[in-house]
Amino acid sequence: MTDEDRTHQGGSRKPGGFTVSRRGVFGAGAAALVVAGVGAAVSGCDSDSDSGSAAERTSKDPVAPSGHITDQQAQAQSSLPFADRQDFADTDKGFIAKLQPDQVKDAKGNVVWDNESYGFLQGSCPNSVHPSLWRQSQLVVKQGLYEVVPGIYQIRGLDLSNMTIIEGKTGVIVIDPLISTETAKAGMDLYFANRGQKPVTGMIYTHSHVDHFGGAMGVITAEDAASGRIPVIAPQGFVEHAVAENIFAGTAMARRSAYMYGAALPRGDKGQVGAGLGMTTSTGTVSLIPPNRDVTRTGQEETIDGVRIVFQITPGTEAPSEMNFYFPDFRAMCMAENATHTLHNLITLRGAVVRDAHVWSQYLTETINMFAGISDVAFASHHWPTWGSDKLTEWLSLQRDTYAYLHDQTLRMLNQGYTGIEIAEQIQMPPGIEQKWYNHGYYGSVSHDVKAVYQRYMGWFDGNPAHLWEHPPVDSGKRHVDAMGGASGVLKVARKAYSDGDYRWCVQVLNYLIFADPTNEKAKMLQASAFEQLAYGSENATWRNFFLSGAYELRNGNFGTPTKATSASMISALSVDQVFDAAAFQINGPKAWDLHLVADWVIPEENKTYRTELRNGVLIHYVVPPDFKGPAPDATFTLPRLELIAVMTRTKDFVKEVASGAIKASGDPAKLKQLQDVMDKPDPNFDIVTP
C-alpha cells in the first residue's frame, strides 16, 4: 500500500510527526496543526537548531520555528487557494469609519482592548504562523463601523464578537453588546459619530455566552430594562444558562479561557495572533441586564420600534439557549453564532457542556428552509456578512453538512469499535467541505469536535479496562520516569523526538517528567520549545494559544486569569436555587462529613421559604411546602434575595447584616458561620502545565 493510499485511509504519518493529508488543512489528525507554507518567507526564516539541547536553553523568549515546521509550511502554502481574495473584499464591503486609535480604556485608564497591538499582521506571513491562520487573522483584525445593508450596521473588531445596530423608526436596536461595557460604549460612540445620535429603543441577545451580553450596561441602564421602557429580548432560558455557565464552573472556565484566547500572551508572530473567531477577549467590566421579553417558539414575531423580527429558536446548538432571526423589511437574517466563517466548537477547549452536532445541523436545515430563499444577506455575531441568496444558501448548507458529517461519521466509526482519539486521527472530511475557507478549523477543530461527539454518546471511558483506573498525572509521571530510566532517560527520548520533529511525543514524555519533578528546568524548557513548534504549525488559533500559553507559563510562571467572566450584575441575577447550588459546589466534603446543619431561608419577595440541609458533606435545598411537618430548623433567616446573594458570596458580613437588621434571624444564627467555614474558595490561578 502506498503512502497516498494510507493517507486516504487516515492512517499515514510522514516523518516528523505531522500528518500530511487533506484533513491537516482542516485541523484533524496531527493535532489540528498540519502546517502550511508562506512562500518567499520560508527561505528567509532563521530556524532553531533541531537538537533537543538547543531547545532547552533557559530563556523567556520563544524558540524559532524548526526546519520541520518551515518545510511543511511551504508545502501547505502551495496547496491552499490563497489567490481567492473574496473574503477580503467582503470584509471591506460597507466600511464607514475606524476607531482611532483602536484602543479602549476603562475609567482608571487601563487598556481593556488593544487592536493596535496587531499591527504586525499587515506584513507577510512568517514561518512561525500557519499561513491559513495568518490569513484568517488578517481578516478578523479589521475593525470599525460597517454598513451591512442600509439600516443595518455592524461594529467589528472592538471585541471578540460583533455588535449589530438596526435603525428603527425613532432609534436603534442593538444586537449582542460585546463582552465589556467599555468596548460596547466605544462601539456605540463610533456609530453615533458617523450616523448621528439616536436613542436605544431595543436590545437583543442572540444567546447566553458572555461575549454577547457582557457589555449591556455600556449601551443601556438596568433601569431601562427593568421599567420595560426598552425591550430586551432573549431566547427562553437565557439568564439561567448565562449565569450557570459563568458561576458554577466559571473559575475553571475563566482560567482555561486565558489559555484558549491568549489574552495574557505577547502579541507577535511568535505569540498571539488571534483566536479565529475574533482577535481575543476584552478585559473590561462585564455586566448583565436580564431580558424582559422571552422568545419561546420558532415563528414568533416581534416588532420593536417599527422593525419586524421573526425568530427561530435553536436550543442545544452553539449555546444551550440560542436563536436565529430574520428581518423581513431588510431581507436580512441574523445567524447568531450558529454559522460563521470557521468550523465551530462542539466542545470548547475552555470547557463547556458538549453541544449536539446532530441538532445543530437540523436547525441549519430549518434556517435554510425558512429564511435563505427570501434573504439578500446573512450576518452573524462574529466575522463578516455573506451577500446574495445563492451564496448564503451555499454557506449555510456547507456549514450544516460539516456538523452533520462530523456527527454521523463519528457514530459510524464508534459503532465499529474505534475510540474518540482514533476516530479523530482517521476521519477524512469531504473535499467539497474542506475547500471552503469558512469550514477550516480556526476556532473549533475536526480533532476535538470528533472527540466531543464521542464524549456526548460514550463518555470519558473508551471501554478498554486498562484505561478504567489509571494513575493520576503525578503518580503516573513518577512511574513512567522510573520505567524510562529516570530523568536522563526521559530527556534522551524527548530530545530525539524533538530532533525528529515528533513534537507530540516530545511533549507527552516530558509531561511525565515535569509532573514527577516540576523543578526539572531542562524538561520544562524543552517542553516549552516543543509546545512552541506545535503552535507554529497550528491552523487552529485556540490550539495555538493553548500551546503558547503552556510554553509561556513554563518559561515565565503562572499568568492567572486576565479575563473575568463574572461581575456584580451577573451575580445579582442568580436565582435563589442557583445561590444554593453554587454554595453546594464549594462545600469541602471531608471537612463537612460530621456536620449536620438545617436552616430555613424566608425570601419575602418570592413568598417562599427555602430549606438547606448539610449532612454527609452534601448541601441540599428545597422549597418548604405549606403543610411541611419535618423537623424544626437550627436557624431561620428572613432576607431579600439580593441580601442572600451578598452573604453567601461573602461580599457582606453576615454578623453585621444581622446586627443591622438587614437580616432577621431566629434560632442559632451561628450555624451559618459553621456552614461558611466548610466552604472552599475557588482558585483562579490553579496550575495547568505543572502539578
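Residues numbered from 1 in each chain as written. Predicted model: local features only at pLDDT ≥ 70, side-chain atom pairs only at ≥ 80, totals over all residues. Heavy atoms only, no water.

As for the overall build of the chain
Per the secondary structure count, the chain includes 27 helices and 21 strands. Taking 2.2 N^0.38 as the reference for a compact globule, 691 residues should give roughly 26 Å; the C-alpha atoms of the chain span a radius of gyration of 26 Å, in line with that estimate. Its C-alpha atoms give the chain principal-axis dimensions of roughly 75 × 65 × 55 Å. Every one of the 691 residues in the chain was classed for burial, and the buried ones make up 57%. Pairs at least 24 residues apart make up 73% of the contacts formed inside the chain by residues separated by at least 6 positions. A total of about 26,800 Å² of accessible surface is found on the chain, and carbon and sulfur atoms cover 52% of it. (Helix = DSSP H or I, 4+ residues; strand = E, 2+ residues; numbered from the N terminus. Rg over C-alpha atoms; globule rule 2.2 N^0.38 Å. Buried < 20%, exposed > 50% of the residue type's maximum accessible area, 1.4 Å probe, protein only. Contact = heavy atoms within 4.5 Å. Areas by Shrake-Rupley, 256 points an atom, 1.4 Å probe, with all protein chains shown as cover.)

A short note on the pattern of salt bridges
Counted according to the given criterion, the structure contains 24 salt bridges. A salt bridge links Glu245 to Arg350, with the shortest nitrogen-to-oxygen separation between them at 3.2 Å. With Glu245 in helix 10 (residues 238–247) and Arg350 in the loop between strand 14 (332–334) and helix 12 (357–371), this pair connects stretches of sequence that are 105 residues apart. Neither residue differs from the other here; Glu245 and Arg350 are each classed as buried. Bridged by salt links that share partners, the residues Glu167, Arg195 and Lys198 form one connected network. (Salt bridge = Lys/Arg side-chain N within 4 Å of Asp/Glu carboxyl O.)

Concerning the sheet that holds strand 6 (residues 163–167)
Across the sheet, eight strands lie side by side as 1-4-5-6-7-8-9-10; this open sheet has mixed pairing. Only two strands of the sheet have a single neighbouring strand rather than two, namely strand 1 (95–97) and strand 10 (293–295). Sheet twist, expressed as the average angle between the axes of neighbouring strands with direction ignored, equals 25°. Sheet topology places strand 1 next to strand 4 (residues 144–149); two bridges connect them, and they run antiparallel. The residue bridging Ala97 from the neighbouring strand is Leu145, located in strand 4. Against the sheet, helix 8 (residues 181–195) engages strand 1, strand 4, strand 5 (152–156), strand 6, strand 7 (172–175) and strand 8 (200–204), with an angle of about 35° to strand 6. (Pairing = 2+ DSSP bridges. Axes fitted to C-alpha atoms, helices over the stretch in contact; angles between N-to-C directions.)

Side note on the packing of helix 12 against helix 13 (residues 389–414)
Contact pair helix 12 / helix 13: the axes reach a minimum separation of 8 Å and the direction vectors enclose 160°. In terms of orientation, helix 12 and helix 13 fall into the roughly antiparallel class. Note that helix 12 runs across helix 13; the crossing there is left-handed. Contacts between helix 12 and helix 13 involve Ala357, His358, Trp360, Ser361, Leu364, Thr365, Thr367 and Ile368 on the former and, on the latter, Thr393, Leu396, Ser397, Gln399, Arg400, Tyr403, Ala404 and His407. Here the contact of helix 12 with helix 13 is composed, by residue class, of seven nonpolar, eight polar and one charged. (Parallel < 35°, antiparallel > 145°, perpendicular 65-115°, else oblique. Left-handed = near helix turned anticlockwise from the far one by under 90°. Nonpolar A, V, L, I, M, F, W, Y, C, P; charged D, E, K, R; others polar.)

Re the side chain of Thr281
Looking at the secondary structure, you find Thr281 in the loop between helix 11 (250–261) and strand 10. Of the residues examined, Thr281 reaches a relative accessible area of 9% and is grouped as buried. In contact with Thr281, other than residues within four places in its own chain, are Trp113, Asp159, Leu160, Ile179, Tyr261, Ala263 and Thr563.

Let's talk about the side chain of Ser538
In this fold, Ser538 is placed in the loop between helix 20 (521–536) and helix 21 (541–556). Under the relative-accessibility criterion, Ser538 is labelled buried at 0%. Of note is the side chain of Ser538, whose polar atom sits 2.9 Å from the backbone oxygen of Asn540. (Polar contact = N/O pair within 3.5 Å; in protein donor to acceptor, adjacent residues only side chain to side chain.)

Some remarks on the packing of helix 19 (residues 503–516) against helix 20
Packing of helix 19 against helix 20 leaves a shortest axis separation of 9 Å and a crossing angle of 150°. It follows from the interaxial angle that helix 19 and helix 20 lie roughly antiparallel. For helix 19 against helix 20, the interelement crossing comes out left-handed. Here Tyr503, Arg504, Cys506, Val507, Leu510, Asn511, Leu513 and Ile514 of helix 19 come into contact with helix 20, specifically with Ala523, Lys524, Leu526, Gln527, Ala530, Phe531, Gln533 and Leu534. Across the contact of helix 19 with helix 20, the residue classes tally to eleven nonpolar, three polar and two charged.

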